[in-house]
Amino acid sequence: MIALQENLILVGFMGTGKSSLGRLIAKKTGRRFVDTDQLIVRNEGREISQMFKENGEDYFRRIETSTLSSLRATGGQVIATGGGIVTRPENTPLLHELGFVVWLQADEEEIFRRVSRNSKRPLLQTENPRKTISDLLASRRSLYEAVCDFSIDTTHFSQKQAAEAVISEEIRRLSVQN
Ligand code: S3P
């Protein structure tokens, strides 16, 4: 295990593997794994889909921003964020303040395949989820690109390969800084 102290923040569309990869990277580098969606569900005592239904997306977005903000006090975290974190401009400085921001990418087809396994995501409860994914991706791609310090396409990577690529980049950056 290589011990790393910096916060690592994973951003990217639903189904790009932020949580599973985040958990693996945290384990490999001795950091605490944090998932903003999970924190929100725990604090609110209800599912995200329920929040969307009862209070609307805007409510969820406000909680998401304050959750992100609350993580700034701590280091040594690998943070998986919700896919829509980039849609609120006020999250950009928070993400940068937190640490190293990595954008996980995957092909649209692969994303559709992965999210089809789980029907809980409120934004995909539409008549044509395939088109919703395509439209959301088109509107968000430039936002992920603008906010990230580094990006990796996970489509043809195993979890292990993707984790190693991200960790190598973190180590490379640290050695350049020092
Ligand atoms: C969302 C993605 C979800 C969750 C919420 C909204 C989005 O997280 O935060 O349903 O706007 O893309 P995942 O990216 O972990 O699925």
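Heads up: the structure comes first, above all this text.
Because the structure is predicted, anything quoted here is derived from the model rather than measured. (Residues numbered from 1 in each chain as written. Predicted model: local features only at pLDDT ≥ 70, side-chain atom pairs only at ≥ 80, totals over all residues. Heavy atoms only, no water.)

**Some remarks on the overall build of the protein**
What counts here: Secondary structure is summarised from DSSP: a helix means a run of H or I of at least four residues, a strand means a run of E of at least two, and numbering begins at the N terminus for each. Throughout, the radius of gyration refers to the C-alpha atoms, and the reference size of a globule is 2.2 Å times the residue count to the power 0.38. Accessible area is worked out with a 1.4 Å probe on protein chains only. A residue is then buried under 20% of its type maximum, exposed over 50%, and partly exposed in between. By the convention used here, residues are in contact when the closest approach between their heavy atoms is within 4.5 Å.
A tally of regular secondary structure across the protein gives 8 helices and 5 strands. Ordered by position from the N terminus, the helices and strands of the protein form the series β-α-β-α-α-α-β-α-β-α-α-β-α. Whereas a compact globule of 178 residues would reach a radius of gyration of roughly 16 Å, the protein reaches 16 Å, a difference of no more than 12%. With the C-alpha coordinates of the protein rotated into their principal frame, the extents come out at 50 × 35 × 25 Å. Counting only residues that meet the buried cut, the protein has 46% of its 178 residues in that class. Across the protein, every contact between residues at least 6 apart in sequence was considered, and the portion connecting residues at least 24 apart equals 75%.

**Topic: the site of the ligand**
Here is the rule we go by: To be near a molecule or strand, a residue needs just one of its heavy atoms within 4 Å of it. Here a polar contact is recorded for every N or O atom pair within 3.5 Å, except that within protein the pair must consist of a potential hydrogen donor and a potential acceptor, and residues adjacent in sequence are included only if both atoms are side-chain atoms. Throughout, the Shrake-Rupley method with a 1.4 Å probe supplies accessible areas, and for residues the shown protein chains are the sole cover considered. Residue polarity is assigned by list, with Asp, Glu, Lys and Arg as charged and Ala, Val, Leu, Ile, Met, Phe, Trp, Tyr, Cys and Pro as nonpolar; anything else, Gly included, falls into the polar class.
Looking at the ligand, there are 13 residues lining it, with K18, D37, R61, R121 and R140 nearest. Within the side chain of D37, a nitrogen or oxygen atom sits 2.7 Å from an oxygen atom of the ligand. Contacts to the ligand include G83, whose backbone N or O atom sits 2.8 Å from an oxygen atom. Considering the ligand on its own, with 380 Å² of exposed area, one finds that the protein chains cover 94% of that surface. Looking at the shell around the ligand, its residues break down into 5 nonpolar, 3 polar and 5 charged.

**What about the side chain of E64?**
Inspection of the secondary structure assignment puts E64 in helix α4 (residues 57-70). Judged by its relative accessible area of 0%, E64 is buried. In this structure, E64 is in contact with D37, I40, G82, G84 and I85, ignoring residues within four places of it in sequence.

**Here's the deal with the pattern of salt bridges**
Note the threshold: Salt bridge, as used here, is a side-chain nitrogen of Lys or Arg placed within 4 Å of a carboxyl oxygen of Asp or Glu.
Within the structure shown, the criterion is met by 16 salt bridges. Put simply, R88 and E90 hold a salt bridge, and the shortest N to O gap is 3.4 Å. Exposure remark for R88: the relative accessible area of 18% places this residue in the buried category. Here E90 falls in the partly exposed class, since its relative accessible area comes to 39%. The network of salt bridges with shared partners includes K28, K160 and E164.

**Re the side chain of D35**
The line we're drawing: Only four residue types enter the charge count: Lys and Arg as positive, Asp and Glu as negative, with His and the chain ends excluded.
Residue placement: D35 occurs in strand β2 (residues 32-35). For the buried D35, no salt bridge is present, and the opposite-charge side chain at shortest range is R23, 5.2 Å distant. Here D37 takes part through its backbone nitrogen, which lies 3.0 Å from a polar atom of the side chain of D35. In this structure, D35 is in contact with S19 and A80, ignoring residues within four places of it in sequence.

**Observations regarding the environment of I9**
Relative to the helices and strands, I9 resides in strand β1 (residues 8-12). Between the C-alpha atoms of I9 and N178, which are 169 residues apart in sequence, the distance is 21 Å. The residues contacting I9, other than those within four sequence positions of it, are I79, T81, L95, L98, G99, F100, V101 and V102.

**Examining helix α8 (residues 159-177)**
Selection criterion: How far a helix is expected to stretch is found by multiplying one less than its residue total by 1.5 Å. Each direction from the helix axis to a C-beta atom contributes to the arc, which is the arc of those directions.
Taking 1.5 Å per residue, 19 residues should reach 27 Å; α8 reaches 27 Å between its end C-alpha atoms and fits that length. Buried within α8 we find A162, A163, V166, I167, E169 and E170. All buried residues of α8 fall inside an arc of 155 degrees around its axis, so they share one side. If you follow the buried residues of α8, they end up packed against β1, α1 (18-29), β4 (100-105) and β5 (150-153).

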